[in-house]
Amino acid sequence: MSGEQKPGRYYVGVDVGTGSVRAALVDQSGVLLAFADQPIKKWEPQFNHHEQSSEDIWAACCAVTKKVVQGIDVNQIRGLGFDATCSLVVLDKQFRPLPVNHEGDSRRNIIMWLDHRAVSQVHSINGTKHRVLQYVGGMMSVEMQAPKLLWLKENLRETCWDKAGHFFDLPDFLSWKATGVTARSLCSLVCKWTYSAEKGWDDSFWKMVGLEDFVADNYSKIGNQVLPPGASLGNGLTPEAAKDLGLPAGTAVAASLIDAHAGGLGVIGADVRGHGLVCEGQPVTSRLAVICGTSSCHMGISKDPIFVPGVWGPYFSAMVPGFWLNEGGQSVTGKLIDHMVQGHAAFPELQAKATARCQSVYAYLNSHLDLIKKAQPVGFLTVDLHVWPDFHGNRSPLADLTLKGMVTGLKLSQDLDDLAILYLATVQAIAFGTRFIIEAMEAEGHSISTLFLCGGLSKNPLFVQMHADITGMPVVLSQEVESVLVGAAILGACASGDFTSVQEAMAKMSKVGKVVFPRREDKKYYDKKYQVFLKLVEHQKEYSAIMSGD
């Protein structure tokens, strides 16, 4: 349009997390103009079995999308992007939900990402030492899809496995639901299903682990058409999906991303000029995106493949096109902090005091720590209290599902001060876990200088400062706290054709908000605590050896 400004161009990002679906309306410069969220149902029929419903999730996607586009001309919405947890959705040949449970409840047709039912299956898969395991840090995680598929085959043969027509990663289910296109995203298949961007599926792997059924039907049930994230799918929104979502039919829909990868996309490409950061003069490979919510993911990219024991990848083009991705992770972070705080005897008192001040419990705890630290830095309150955070096993860099949590230094008192210090020690333990992952990545050839944090925990100033102090690296926070939604919107922007590449959209749509620098004067203290941190796991392994010995 010459002589006059182009009308506003908007994109919708939809993010399906563990407990809720969120949507945002985002403009071309990455600013969130509207936001909505809605909780989704979760079932835990027995310990370590976690299930959801694809129909419930899709209904929530529709509800939040309708909310964020209210009051604007929907014809200005150029594209839609989805991200979601890497949960497993099971449908029959007519695309109807199938039960993933012994009760035969077909509404519950999703095995959630954090479900650990397939422990014996993952042991047998890792026992094969197949070459594809090189690309998942040498050991497959119980949270990936192959062990879950094997569990379904071995445990729900008649009610689920034999009737199944389609197994989708949740992000791919959403893009199929929106467009009718069953093509999968490279991100999901490479990161969670053993697909190779260069070689495709490895027939010998599926045959070796007892899932030869997929090879026989040319992988039609798990995906034989694969597209890079951000690619435009089919003819865009189908008339039916458009009606459900409150958007025009034909709106461009992008091949999706896993939620953590959308967060990485939303932060890692930000323009850092003028903030005094060392990474300003360094390649994007010097940045580590840490997406911290219920669990945490550590996303580092490289020009050439780097193999890091206990760290997933290298995955080619799984997040940023043209780069290899390594993905470290901690299975529970936000969930662990909640567990420690809510299980403490002083929690009811904390809740009452936080409510009276109209604060969240964490804002109250942070201010309470400032009150009790006196003249010393707040982090020094944990000189005698140490936590090993693997209450749900270790994802990286030890890849050991059997590890447990540890706390040393407990006293008989159970007041609010004790709760605040236990909370602090837990936050520090998570940051030490990040340092442990970074050291493993750097030992194999990564060179990291700056952390880019996003996700729910990045809104907690104590969590951010501890990550800076304990890793010794500056932490960059996005201007837009909802970086995962910006990442999803970036996908929609790419699918619309408004940007020539994912990299261009990343640079235009992600902005630096705040930079938190480490307190260098506290380095010696945290180095000592880190030595204790590493000793804890060493001791745990020794205890285990004693107990299992003759």
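As the structure is a prediction and not an experimental result, all values here were calculated from the model.

Here His-116 is to be found in the loop between strand 8 (110-111) and helix 2 (119-127). Apart from the residues within four sequence positions on either side, His-116 is in contact with Asn-48, Val-142, Glu-143, His-392 and Leu-401.

What follows is about helix 13 (residues 416-443). Taking 1.5 Å as the rise per residue, helix 13 with 28 residues should run 40 Å; its terminal C-alpha atoms sit 41 Å apart, in good agreement. With 24 of 28 residues buried, helix 13 lies mostly within the body of the structure. The opening residue of helix 13, the one whose side-chain oxygen lies 3.2 Å from the backbone nitrogen of Asp-417, is Asp-415. One or two residues past the end of helix 13 sits Gly-445, with phi positive at roughly 130°.

Further remarks concern the UniProt feature "domain: Carbohydrate kinase FGGY C-terminal" (unreviewed entry) in the chain. On the UniProt side, "domain: Carbohydrate kinase FGGY C-terminal" (unreviewed entry) is annotated at positions that read residues 288-495 here. End C-alpha atoms of residues 288-495 are separated by 26 Å, and the span's content is 40% helix alongside 19% strand.

This part is about the pairing of strand 4 (residues 43-46). Bridging between strand 4 and strand 5 (residues 49-52) involves 2 bridges; their strand directions are antiparallel. Across the sheet, residue Gln-46 finds its bridge partner in strand 5, namely His-49. Between strand 4 and strand 5, which pair antiparallel one after the other, the connecting turn spans 2 residues, and Asn-48 there sits at a positive phi close to 70°.

Time to look at the UniProt feature "domain: Carbohydrate kinase FGGY N-terminal" (unreviewed entry) in the chain. The UniProt record marks residues 10-266 with the feature "domain: Carbohydrate kinase FGGY N-terminal" (unreviewed entry), using the residue numbering of this structure. Secondary structure within residues 10-266 divides into 30% helix and 23% strand; the distance between the first and last C-alpha atoms comes to 16 Å.

Let us look at the packing of aromatic side chains. Tallying each qualifying case throughout the model produces 25 aromatic pairs. Taking the centre distance of 5.3 Å and the plane angle of 35° together, the rings of Trp-161 and Phe-167 count as tilted. Trp-161 gets classed as buried once you look at its relative accessible area, which sits at 5%. A residue is classified by how much of its surface remains accessible, and Phe-167, at 1% relative accessible area, is buried. Three or more aromatic residues joined by ring pairs make a cluster, and in this case those are Trp-161, Phe-167, Tyr-195, Trp-201, Phe-205, Trp-206, Phe-214 and Tyr-219. Residue placement shows Arg-117 over the ring face of Trp-151; its charged tip is 4.6 Å from the ring centre. The ring centre of Phe-323 lies 4.4 Å from the NZ or CZ of Lys-303, which sits over that ring.

This paragraph deals with a nonpolar patch on the surface. On the surface, Phe-391, Val-407 and Leu-410 cluster together into a nonpolar patch covering about 260 Å² of accessible area. In this fold, Phe-391 is placed in the loop between strand 18 (386-388) and strand 19 (406-408). The class of Phe-391 is partly exposed, set by a relative accessible area of 33%.

This paragraph deals with the packing of helix 15 (residues 483-496) against helix 16 (residues 502-509). Between helix 15 and helix 16, whose axes approach to 9 Å, the crossing angle comes to 130°. The pairing of helix 15 with helix 16 is recorded here as oblique in orientation. Crossing hand, helix 15 versus helix 16: right-handed. Contact residues: helix 15 offers Val-486, Ala-489, Ile-490, Ala-493 and Cys-494, while helix 16 offers Val-502, Ala-505, Met-506 and Met-509.

About the thresholds
Residues numbered from 1 in each chain as written. Predicted model: local features only at pLDDT ≥ 70, side-chain atom pairs only at ≥ 80, totals over all residues. Heavy atoms only, no water. Helix = DSSP H or I, 4+ residues; strand = E, 2+ residues; numbered from the N terminus. Contact = heavy atoms within 4.5 Å. Expected span 1.5 Å × (residues − 1). Buried < 20%, exposed > 50% of the residue type's maximum accessible area, 1.4 Å probe, protein only. Polar contact = N/O pair within 3.5 Å; in protein donor to acceptor, adjacent residues only side chain to side chain. UniProt positions renumbered as here; feature names shortened; annotations may be inferred. Pairing = 2+ DSSP bridges. Phe/Tyr/Trp six-rings, centres within 6.5 Å; stacked < 30°, edge-to-face > 60°. Lys NZ or Arg CZ within 6 Å of the ring centre and 35° of its normal. Patch = residues over 30% accessible without salt bridge, like charges linked within 9 Å, V, L, I, M, F, W, Y side chains within 5 Å. Areas by Shrake-Rupley, 256 points an atom, 1.4 Å probe, with all protein chains shown as cover. Salt bridge = Lys/Arg side-chain N within 4 Å of Asp/Glu carboxyl O. Axes fitted to C-alpha atoms, helices over the stretch in contact; angles between N-to-C directions. Parallel < 35°, antiparallel > 145°, perpendicular 65-115°, else oblique. Left-handed = near helix turned anticlockwise from the far one by under 90°.

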